[in-house]
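These are the residues of each chain, in order.
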Amino acid sequence: MSRNALMRRSIGVTLCLSLCLSLGACATSGIKEGYLDQEFSPDKLPDGVTQSLSKLDRTPVKFHKMVLTVEPQLERADGASGSGTTYRNTFTLIDAGNGLVQTVDERSQNGNPTAQTYALTYRSFLVLRSQDLAPGGDPVNPILATKALSHIEPFDPATSKKEIEFDSETGYAQQSAGVSKQICKWGAVHPAADVFAKFTGDARDLDCRALDRTGTQISHSKQAYLLDYGVAVVTRTETGAFKSDSRITAADIR
């Protein structure tokens, strides 16, 4: 894979799995037992990445496990709306300590499982390690890992600062890293129940852009940071290929 293609893939993943959230998934294929702890635990992060993350808020998220069901409304760039096609996503988040969250994104189309994405993230917002798997659990791609965080800013939803930035160097184990940038602006505070009725407390809007090394925008997402839970969820995604609004229809929080 070329460095440019790798960089674009890492940017897509860095949007806290926003493309996966927007394209829908279903849990019928099931989570591969033991794989999260085997390949996506905090001890898999390079020492330099761990040291960079120490500059961020390291308080644990406020749940053990959260499972969200998402039904996205997809509009492709060619004008097709996907009418007659049902997308569904089951997004599982598991507390991995110190603000880190293991995630599994299971996708389906018309009830048929299509793919899974396993990841280790910071607050379901900054993807640090990820891999795509087929519905049966076989890897589709090697693990994509963040090798360095060359620029990182405090992620504090209570701050008055309007913009935050993360620069990542990401690549496969034996390939040179591609550089990507994620820039987000904090927005309004509103009841988290606006995002899904079961959510408690407030949410704060995030408007995020993913850029490649030339500064070209690859994708744009709108997210809601849930203050009572310590994670962000994607509500809208726009790329050159599609636009999608993601509606949460169920949440199991433990």
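Predicted model, so just to flag it, every value in this text is computed and none were measured. (Residues numbered from 1 in each chain as written. Predicted model: local features only at pLDDT ≥ 70, side-chain atom pairs only at ≥ 80, totals over all residues. Heavy atoms only, no water.)

Undergrad: Describe the state of the cysteines, naming the residues involved and giving the relevant values.
TA: Scanning all chains against the criterion turns up one disulfide. Linked covalently through their sulfurs, C184 and C208 form a disulfide whose S-S length is 2.1 Å. Measuring handedness by torsion sign, the sulfur bridge of C184 and C208 sits at about 115° and is right-handed. Of the two residues, C184 is situated in strand β8 (residues 178-191) and C208 in strand β9 (residues 202-211); the sequence distance between them amounts to 24 residues. Judged by its relative accessible area of 0%, C208 falls in the buried class. (Disulfide = S-S within 2.5 Å. Helix = DSSP H or I, 4+ residues; strand = E, 2+ residues; numbered from the N terminus. Buried < 20%, exposed > 50% of the residue type's maximum accessible area, 1.4 Å probe, protein only.)

Undergrad: I'd love a proper account of the pattern of salt bridges, names of residues and values included.
TA: This model, assessed by the stated rule, comprises 11 salt bridges. E71 is the partner of R88 in a salt bridge, and the nearest nitrogen-oxygen pair spans 3.0 Å. With R88 in strand β2 (residues 87-97) and E71 in strand β1 (residues 65-76), the pair connects residues that are 17 residues apart, well separated along the chain. Since its relative accessible area comes to 36%, R88 is described here as partly exposed. (Salt bridge = Lys/Arg side-chain N within 4 Å of Asp/Glu carboxyl O.)

Undergrad: Which residues make up the environment of K243, and what values go with them?
TA: Considering the arrangement of structural elements, one finds K243 in strand β12 (residues 242-253). Sequence separation of K243 and E75 is 168 residues, and the distance between their C-alpha atoms is 5.2 Å. With near-sequence residues (within four places) excluded, K243 lies in contact with Q73, L74, E75, R236, T237 and E238. (Contact = heavy atoms within 4.5 Å.)

Undergrad: With reference to specific residues and values, describe the packing of aromatic side chains.
TA: On inspection of all chains with the given rule, the structure shows 12 aromatic pairs. Between the aromatic rings of F125 and F166, the centroid separation amounts to 5.6 Å while the plane-to-plane angle is 65°, which identifies the pairing as edge-to-face. Residue F125 is located in the loop between β4 (112-122) and β5 (126-133), and its partner F166 is located in strand β7 (residues 163-171); the two are separated by 41 residues in the primary sequence. Pair check on accessibility: F125 and F166 agree, each one buried. Between F196 and F199 the ring centres are 5.6 Å apart and the planes differ by 70°, which places this aromatic pair in the edge-to-face class. Assessed through its relative accessible area of 15%, F196 is described here as buried. In this structure an aromatic cluster arises from ring pairing among Y122, F125, F155, F166, W186 and Y225. When the ring centre of F40 is taken as origin, the NZ or CZ atom of R129, which lies over that ring, is 6.0 Å away. (Phe/Tyr/Trp six-rings, centres within 6.5 Å; stacked < 30°, edge-to-face > 60°. Lys NZ or Arg CZ within 6 Å of the ring centre and 35° of its normal.)

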